[in-house]
Amino acid sequence: MWTAILRTALRYAAMAMLAFLLFGFILLISGKDPIQSYRDIFVSTLGSAYGFSEVIVAMTPLLLTALAVALPSRLGLINVGGEGQLYMGACLATWAALTFGALPPWLVLPIMVVLGMLGGAVWAWIPGQLRARGIVNETITTLLLNAVAPMIVSFFIFGYWHSPMDTNKTSIFSSSARLPTLFHTRVDLSLFLGLALLGLFWFIMRYTRWGLEMRAIGGNPQAARLNGIPTRGYVVVVMCLAGAVAGLAGMAQVSGYYGVLLANFSRGLGYMGFLISWLAGGSPLGIVVTSFVVAIILTGGNLLQLTRDLPYSMINILLAMTLFVVLARPSLSRRRKAT
Amino acid sequence: MIRGGEARANPRPVLSVRNLSKRFPGVLANDSIDIDIRPGEVHALLGENGAGKSTLVKCIYGFYQRDAGELILDGKPVDIRSPHDARARGIGMVFQNLTLVPALSVVENIALFLPGLPAVPDLRLIARELESLGERYSLTLDPWALVQDLSIGQQQKAELLKLLLAHCRLLILDEPTRVLAPHEIQGLFQVLQRLVADGLAVILITHKLNEVLECADRITVLRQGRVAGQVSRAEATEDGLVRLMFDKGLAIPSARRRVGAGRTEQPILELRQACTRAEGSQTSLEQINLAIYPGEIIGVAGVSGNGQRELGELILGSVPCTQGTKHLFGREVTRQSIGGVRRAGVGYVPENPMAMAVIPYLTVLENMAITRTSRYARWGGLAMDWRMAERETEQARQGLGYRFASFLPARSLSGGNLQRMVIARELSHDPRLIIASYPTRGLDVQSTQAARQALLQARDQGAGVLLISEDLEELFAYSDRLVVMRAGRIVGEYPTDEADLYQVGHLMTGSQTAYVERT
């Protein structure tokens, strides 16, 4: 068993190397020194406690948005709507922060968590219902609703919530509406929420009755239905749960990371979660590892932008190359269910 | 055996099949078949499902490779390795599931199929040819209509035109009338008459006797992969054909009958005027009246695709009941979920276990537990009692004398073992109603006996059994009452002892309709 794990790790490392090699050529073409650039990336992220903490900060929302994809994928559902669900979660959480900001944190934070999850859940409930009734495929509806959610957020910000000074963001949340940070870094409590939920996900799928029924639906929906498992109910509930998780990520972003709701605050966190869940094959441990790697690339990319004068979109090239290299290895992903 | 029509002076056959055999794992689908197809005749292949008709024509069409025997085309032995070969030699086939591209027009669909199509095809030329062919054979069809706008009957015409335009001389039609309305069937037969009048040969697969008698020139009856007899139309009678199709020299094992058992009790299941609406390839059920009493086995006879499967699914609740009511143990369950019906004590052995009963990626044990997750759930569902599931699986296995491993994924089991697993699962826990569709399909003799014994035992313990099968021998041997289904209706109902094999055969094939009111 250990040799199998070692072999898998080696193969993934080899694939990562290949991706970095390819990206090195692109750096060369654009006239940068690839070795120096890579050193910058790793020194800035893993080389110092501060850098490391920044990686964790970037990883935190990815854990949640990836889980929001991984959970429905076990039923064969494709939730591309993490982005929209995240926005709706942030939206409702912000309302709570602005309305109940004067209350003590032990009261206002739970309210924000609940409302954030509710916002995401409602946003995922719509595609869930449509799918369960056999009207529209959930992939399409979740994707389309992604375009709507940021508009709703903007509507509230520009119309009602903007601070006196700005038009595109709310006032800074009161301190009781901020998630507590840890160890004097920007890492906040939502990291542990994410890890705990991933653990819970693993436990449910592995040991519980519901996990068994969900695996049955994912394995053969027709047989599961004929065996008396309420597949429609599961579709709706699981979509709502996934939306709630993505909504929680949105709540954590505004309450922990920003402390304020910005219009268009998420640069594709939901889509990144989709990518991560896919790469990890929907496994909880894989999600943690992949999120970490992606977070390194993202934070390193920010830094390259500053020190090496590279456009940020270069980092997307590196991410895309990683995906390609992984895709080109079907032997690794055969056993995994496509998300 | 009835033989006929062979003494006459015959033209040279277009195609002669000699000694053709085809074996699939576990079954000899075609066993030394000899057939001659002559130009200018409609040659009907008649037989029950599984008699080997489709296999035979698929061997001729190159879809399957025959294991032995030879095909002689125009007097020369040929080797047909693929449908492509077959078409190049002038053999064309219309499948049951039509194969046109819905988004393209008729003429585009036909052009796609033509051999040696130039890079820029002149569609107008092809359309003109289509129209002239259509006039000649009364196959009128707008060449520019999109296939998705055509009815099934029109699509079938397009398929025929496609073959004619490709200069096919031997046309194989696999159950063409199954999808047609009665007037369309008449039209098709007229078309076929004109085609054979022009010297083409047609092989028509069907299991409807009246159609055969109406339009075939010669009839070959297949039974269990062998030629049971060959007759010309002049000599054919319904009785003779039914005898050829079904006569198995039935030695019916005596299972104790329970005629009218428990009729005074409340029925386990009662369908009143139940109807369903067909979706896709389903058959819609119309005005089904059926009561199953405790302690009886009801056999459902019928040619497959006549609503037997939908009947099972209606009872289970996977096909919604559009009209009428469904009562289970006296309680109305017309709108009940599948889970609810199952929890009330209904077991279901579907006809295709791999697709409909089993989750391939889960282990056998998980599959065994999946119909009763609430029974094995502990702590409100937070944990599963796998030890109990294993114990009960072991009991179910021993009760039937079956052996299959518990911890392998279900997909690694053979078809027979999967069937055993499903039977063991559905018959454990004392179900009060068992719906069994083709429960013994794919099982060896011993497992078949064990499954049948288990059904009888369940019956003797007071359960009701709905046994759906195409094996009339099985139905006559094990059921207490028989119902016959055709075209989504129950067309006959008898106590098995009073039922006559030939009469049931007549009803199944629709040669003699008798709507029997249930008393």
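Coordinates for the structure precede this section.
What you are looking at is a predicted structure, and each value in this text was computed from that prediction instead of being measured. (Residues numbered from 1 in each chain as written. Chains lettered and ligands numbered in written order. Predicted model: local features only at pLDDT ≥ 70, side-chain atom pairs only at ≥ 80, totals over all residues.)

## Some points on the overall build of chain A
In step 1: On a plain count of helices and strands, chain A comes out with 14 helices and zero strands.
In step 2: For chain A, the N- to C-terminal ordering of α and β elements is α-α-α-α-α-α-α-α-α-α-α-α-α-α.
In step 3: The 339 residues of chain A split such that 49% are buried.
In step 4: Residue pairs at least 24 apart in sequence account for 76% of intrachain contacts in chain A once pairs closer than 6 positions are excluded. (Helix = DSSP H or I, 4+ residues; strand = E, 2+ residues; numbered from the N terminus. Buried ≥ 20, exposed ≤ 12 C-beta atoms within 10 Å, placed from the backbone. Contact = placed C-beta atoms within 7 Å.)

## What about the sheet that holds strand β2 (residues 27-37) of chain B?
Residue and element names in this part refer to chain B.
In step 1: One open sheet holds the four strands; their spatial order is β2-β1-β4-β5, and the pairing between them is antiparallel. Each of the sheet's edge strands pairs with one partner strand only, and the pair in question is β2 and β5 (76-78). Mean inter-strand twist for the sheet, computed between neighbouring axes without regard to direction, equals 30°.
In step 2: Note: strand β1 (residues 15-24) against β2, seven bridges, orientation antiparallel. Residue K22 lies in a different strand from β2, and its bridge partner there is N30. (Pairing = 2+ DSSP bridges. Axes fitted to C-alpha atoms, helices over the stretch in contact; angles between N-to-C directions.)

## Examining the packing of helix α3 (residues 49-73) of chain A against helix α10 (residues 231-258) of chain A
Residues and elements named next belong to chain A.
In step 1: Contact geometry for α3 and α10: axes closest at 7 Å, N-to-C directions at 170°. The angle between the axes of α3 and α10 places the two elements in the roughly antiparallel class. Residues V57, T60, P61, L64, T65, L67, A68, L71 and P72 of α3 pack against V238, M239, L241, A242, G243, V245, A246, L248, A249, A252, Q253 and Y257 of α10.
In step 2: Split by residue class, the contact of α3 with α10 holds 17 nonpolar, four polar and no charged. (Parallel < 35°, antiparallel > 145°, perpendicular 65-115°, else oblique. Nonpolar A, V, L, I, M, F, W, Y, C, P; charged D, E, K, R; others polar.)

## A look at unusual backbone geometry
All names here are of chain B.
In step 1: One non-glycine residue, D74, lies in positive phi territory at about 50°.
In step 2: Examined against the element boundaries, D74 turns out to sit in the loop between β4 (68-73) and β5.
In step 3: Residue classification places D74 among the partly exposed positions, given that 14 C-beta atoms sit within 10 Å.
In step 4: We note that A487 has phi near 50°; this positive angle belongs to a residue other than glycine.
In step 5: Of note, A487 is situated in the loop between β21 (481-486) and β22 (489-495).
In step 6: Under the C-beta neighbour-count criterion, A487 is labelled partly exposed, with 16 such atoms within 10 Å.

## Quick look at the interface of chain A and chain B
In step 1: Each partner contributes residues to the interface: chain A has 19 residues there, and chain B has 26 residues.
In step 2: Contributing elements (two or more residues each) for the side of chain A that touches chain B: α8 (209-219) and α9 (221-226) of chain A.
In step 3: No other element matches α8 of chain A, which puts seven residues into the side of chain A that touches chain B.
In step 4: Along the lines of polarity and charge, the residues of the side of chain A that touches chain B split into nine nonpolar, six polar and four charged.

## Side note on the pairing of β1 of chain B
In step 1: As paired strands, β1 of chain B and β4 of chain B are joined by five bridges and run antiparallel to one another. In the sheet register, S16 of chain B faces β4 of chain B, and the bridge partner there is I72 of chain B.

## Looking at the sheet that holds strand β10 (residues 226-232) of chain B
Residue and element names in this part refer to chain B.
In step 1: Taken together, six strands build an open sheet; the order of strands is β6-β7-β8-β3-β9-β10 and the sheet is mixed. Every other strand in the sheet has two partners, leaving β6 (91-94) and β10 as the edge strands with one partner each. Shown here is a sheet whose adjacent strand axes are inclined to one another by a mean of 20°, direction ignored.
In step 2: In this sheet, strand β8 (residues 201-206) lies alongside strand β7 (residues 170-174) in parallel orientation, the contact comprising five bridges. If you follow L170 over to β8, its bridge partner there is A201.

Structural measurements only, silent on function.
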